Amino acid sequence: MDRLIALVALRWRLEARAVSGSRGRMAALLVAVPALGVFSLASAFVAFSLTRFAERAQPELTLPALSALATLFGLTWALSPLLAGVSATETHDLGKLLPYPVPLPTLVASSLLANLLQPMVLAQLPPLAALSLALGGGSARGPVALVGLGLGLALVLAAGQAVGIALHAVSRNRRWHDRALLVGIGLGVAFSLLPILLLSRGGSGFRRLALLLLERDVFALVPFSWGARAAVHAGRGEALAFLGWAGASTLALAAVVGVSVALAQRLYRGELDLGEASGGGAARTRMRLHGVVGALVEKDLRVAWRDPRTKALVFTGVIGPLILLLFLWQGSAGPLRPGLLLAIASFSGLGALGSNAFALERQGLGLLFGFPADRLSILVGKNLGVIALRLPALVAVSLATLVIAGPGFVPAIAAVVLLTQMLAAAADNYLSILFPFPVAAAGRDPGASVSGTRGLGAAAMTLVATMGTLVASAPFVFLAWLPELLGERWLFTLTLPLALGGSAAVYFMATSGAARLLERREPELVARMAGED
Amino acid sequence: MSDAHAIVVEGLTKTFRRQTAVDRVSFRVARGRFFGFLGPNGAGKSTTIKMLTGLLRPTSGDAVIEGVRLSGDLLALKRKIGVLTEELPLYERLSGEEHLLFAARMHGLARPEARRRTEELLDFLSLAPERGKLVVDYSQGMKKKLALACALVHGPSVLFLDEPLNGIDPVSGRVVSDLLRRLTARGVTLFFTSHVLDVVERLCDEVAIIDRGRIVAQGTLDEIRAQRAMVGDASLEDVFLKLVHADVRREDLSWIG
């Protein structure tokens, strides 16, 4: 018991110090806690009102609806590290505690107990209390219903912990870690898009499916719903049903804790064989592109394709303009006007702004600046890498144009995307040099966020750079679109090369200036990015 | 500056906010010498290397490396030097072979020559069997060997090596230290830091000891012993501990033994 208390106290002490030791976290907590409190009370009010209403109006719906909500809550909580990249409840770093002679079940239990005082968990208590009050109607059945709901919450916390430990196991192998990260980003994007799909013209199928699942009470099969079902039966005075569901929920809780213990045991003894992290293929590397610029582009494309975060960014770069197109398409009565397509092309091109020329370098930055390559070549190579990585977005916008407006518009739209990307990359070079993103220190996760962000000044500069890019690209966009305005599409053969050539000239002038700036500020830039200034 | 000196450092100082990490450091290293730069943790070794390689701008002072002034043309300087820093700046999502080819090409080598040197270095440092593995999956020792290969690929005339043998297995350690010796014999100057004083004593012709940002001794081991009036058989470790005023505790823990 002493060890259990010591472990729980250690967790709370570490969390308190993490907050008190960082002004940023303290400020975030001061903002987040009241907001969480208000949200929690509002949820309690909504839960109480809706449950009372359902119990009076359609009592047969209460059980499946609460089961569905409990399932959704349980899944989002347990999968929060995958969906949001942040765990709703943390687990002990068991690796640091394993050298001590503490039984693994004690370690797992201490982590679970320590979670009970986390703000996110405490915020669930008012809605649960309100729900039990609504179900029990103020009688002695209320506290019994609360027991059922408490069991459900405990199961969710335990499942969150098990997922955390499983992800930790997976992250010991780089290949599996990358896959988990990519799946997580994919799930996160899918969850974000779900409301759009449900509200869109094609969303009626999804709505029908949801109603069917509710009617069939399918969520009764999911353990996350068992505590809620016990609570509903307790509220209705059905003692046997309550005991059945509460017992099932308790068994599920014990099973999940057991899985956590077993997983931790296998993980830290190295019994989980996840295979080789990467193959040592004997095939020789082929160099396809020439010179310093070619070497940089090849390097950036290889690194981006193998880094799940960057790979995901490439896909989201495609999804962004397409979602905008979908919105505009949904909002318009007839076909989309070509002018809107032009705006979307510019918006897509502007995506290169903020790509940060040195973002892909991460911890290789010191090496890059150690090379005696002229800085203009380095910037051009980095920019070409960014533009190449955004090619899928260009293809997506072109295909959408083909479908929505016909083939006649595709060359002009593609040219606008490309020339805006070029000019946005040129503007971004200045931002990258003047307001660099810091990189993680050696030995730390290179993908982890690092303190010392670009700040408000940089945000203002980004706005200026966006305006500058739009102004600089305006004459070339006009030139690219001129044949459409004149109704003489054969003129595209003349105006598109001129527009692209002109914007390339502006790009080189701007990037030459950025290269000179880089030469002057290089040591400061490296020091700032390494957090050594 | 005499032509015989590959590195001349004059009053180099670096201040971070109000803390002086390197304080008016001056020294000279003759061409083709194996120069050891020693000091306890946080003494200013890595900061000095970063300044000498153009990765950090000095607050004051200057240096001349192979005739190129630090405050002058940094690209000219970078053509002449090879650097292995303690942080091992590597691209984790490239394979070892891709990384070395990339480094060679960034130094301006033609593709056939980049290929030839990459093959030779991979073989020499026993990295060939793992050439296709991503750097992120390399062990610390393999990463160190790869970073060293990147520092050597363009044939630099001055090498700055921060803890080059740390984390490398004994066999590779011998291969690397023999290589470094041969490089000095061919006129390459080595600026070398290590915490393993036996290695420094075995390899280096000359050492400088830095403590709290200041050089406290410089010369051959015999010269330093003579300066500090130490007996002739005093090891580098003895000299080092005396110079940095190390507090070496000798009492036992009360509950052990």
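Keep in mind it's a predicted model, so treat the numbers as computed, not measured.

Draft legend 1. Highlighting the overall build of chain B. Across its full length, chain B carries nine helices and 10 strands. Rg of the C-alpha trace for chain B: 19 Å, near the compact-globule value of 18 Å for 257 residues, within the 12% margin. Dimensions of chain B along its principal axes, counting C-alpha atoms only, are 55 × 55 × 40 Å. A total of 257 residues make up chain B; the buried ones form 58% of that total. Partitioning the intrachain contacts of chain B with sequence separation of at least 6 by distance along the chain shows that 66% fall at a separation of at least 24. Approximately 11300 Å² of chain B is accessible, and the part contributed by carbon and sulfur atoms is 48%.

Draft legend 2. Quick peek at the sheet that holds strand E4 (residues 60-65) of chain B. Residues and elements named next belong to chain B. If you walk across this open sheet you meet the four strands as E2-E1-E4-E5, and the pairing is antiparallel. Single-partner strands in this sheet number two, and they are strand E2 (19-30) and strand E5 (68-69). In terms of strand pairing, strand E1 (residues 5-16) meets E2 through eight bridges, oriented antiparallel. Within E2, the position partnered with Leu 12 by the bridge is Val 25.

Draft legend 3. Spotlight on the pattern of salt bridges. Here the structure, examined in full by the defined rule, presents 30 salt bridges over all chains. In this structure, the salt-bridge partner of Arg236(A) is Glu55(A), at a minimum N-O distance of 3.0 Å. With Arg236(A) in the loop between helix H12 (226-235) and helix H13 (239-268) and Glu55(A) in helix H2 (residues 23-57), the pair connects residues that are 181 residues apart, well separated along the chain. In this structure Arg236(A) comes out as partly exposed when scored by relative accessible area, which is 28%. One salt bridge in this structure joins Glu98(B) and Arg306(A), with 2.6 Å as the shortest N-O distance. Pair noted here: Glu98(B) is in helix H3 (residues 96-106) and Arg306(A) is in helix H14 (residues 291-306), and the two residues belong to different chains. Connected through shared salt-bridge partners, Glu298(A), Arg302(A), Arg306(A), Glu98(B) and Arg105(B) make up one network.

Draft legend 4. Fine view of unusual backbone geometry. Notably, Asp217(A) is not glycine yet its phi reads approximately 55°, a positive angle. Positionally, Asp217(A) belongs in the loop between helix H11 (204-215) and H12. Look at Glu163(B): it is not a glycine, yet its phi comes out positive at around 50°. Here Glu163(B) is to be found in the loop between strand E7 (158-162) and helix H6 (170-185). When its relative accessible area of 3% is taken as the criterion, Glu163(B) is described as buried.

Draft legend 5. The interface of chain B and chain A, seen in detail. Chain B puts 38 residues into the contact, and the matching count from chain A is 54 residues. Buried surface at the junction of chain B and chain A, both sides included, amounts to about 4000 Å², of which 57% is carbon and sulfur. Where chain B meets chain A, there are 10 residue pairs in polar contact (both at pLDDT 80 or more). Counting residues per element, the ones that place at least two in the side of chain B that touches chain A are helix H2 (74-80), H3 and helix H4 (111-124) of chain B. It is H3(B) that provides the largest number of residues to the side of chain B that touches chain A, a total of eight residues. Classifying every residue of the side of chain B that touches chain A by side-chain character gives 16 nonpolar, five polar and 17 charged.

Draft legend 6. Fine view of the nonpolar core. In this structure, Phe358(A), Met106(B), Leu180(B) and Phe192(B) are the most contacted members of the largest nonpolar core, which totals 83 residues. Setting aside residues up to four positions removed in sequence, Phe358(A) forms contacts with Leu365(A), Leu368(A), Phe369(A), Leu379(A), Ser432(A), Ile433(A), Leu518(A), Leu525(A) and Met529(A). Formed by 34 residues, the second largest nonpolar core is a distinct cluster that contains Ala47(A), Leu63(A), Leu128(A) and Ala158(A).

Draft legend 7. Representation of the confidence of the model for chain A in the model. Of all residues in chain A, 84% attain a pLDDT of 70 or more, and the chain-wide mean is 81. Below a pLDDT of 50 lies the segment residues 449-453 of chain A, which in the model reaches five contacts outside its immediate sequence neighbourhood of four places, other chains included.

Draft legend 8. Representation of the environment of Val31(A). Residues and elements named next belong to chain A. As for its position among the elements, Val 31 is in helix H2. A residue is classified by how much of its surface remains accessible, and Val 31, at 61% relative accessible area, is exposed. Placed 118 residues apart in sequence, Val 31 and Leu 149 show a C-alpha to C-alpha distance of 28 Å.

Basis of the calculations
- Residues numbered from 1 in each chain as written.
- Chains lettered and ligands numbered in written order.
- Predicted model: local features only at pLDDT ≥ 70, side-chain atom pairs only at ≥ 80, totals over all residues.
- Heavy atoms only, no water.
- Helix = DSSP H or I, 4+ residues; strand = E, 2+ residues; numbered from the N terminus.
- Rg over C-alpha atoms; globule rule 2.2 N^0.38 Å.
- Buried < 20%, exposed > 50% of the residue type's maximum accessible area, 1.4 Å probe, protein only.
- Contact = heavy atoms within 4.5 Å.
- Areas by Shrake-Rupley, 256 points an atom, 1.4 Å probe, with all protein chains shown as cover.
- Pairing = 2+ DSSP bridges.
- Salt bridge = Lys/Arg side-chain N within 4 Å of Asp/Glu carboxyl O.
- Buried area = accessible area lost by both parts, 1.4 Å probe.
- Polar contact = N/O pair within 3.5 Å; in protein donor to acceptor, adjacent residues only side chain to side chain.
- Nonpolar A, V, L, I, M, F, W, Y, C, P; charged D, E, K, R; others polar.
- Core = buried A, V, L, I, M, F, W, Y, C linked by side-chain atoms within 4.5 Å.
- pLDDT = per-residue confidence, 0-100.

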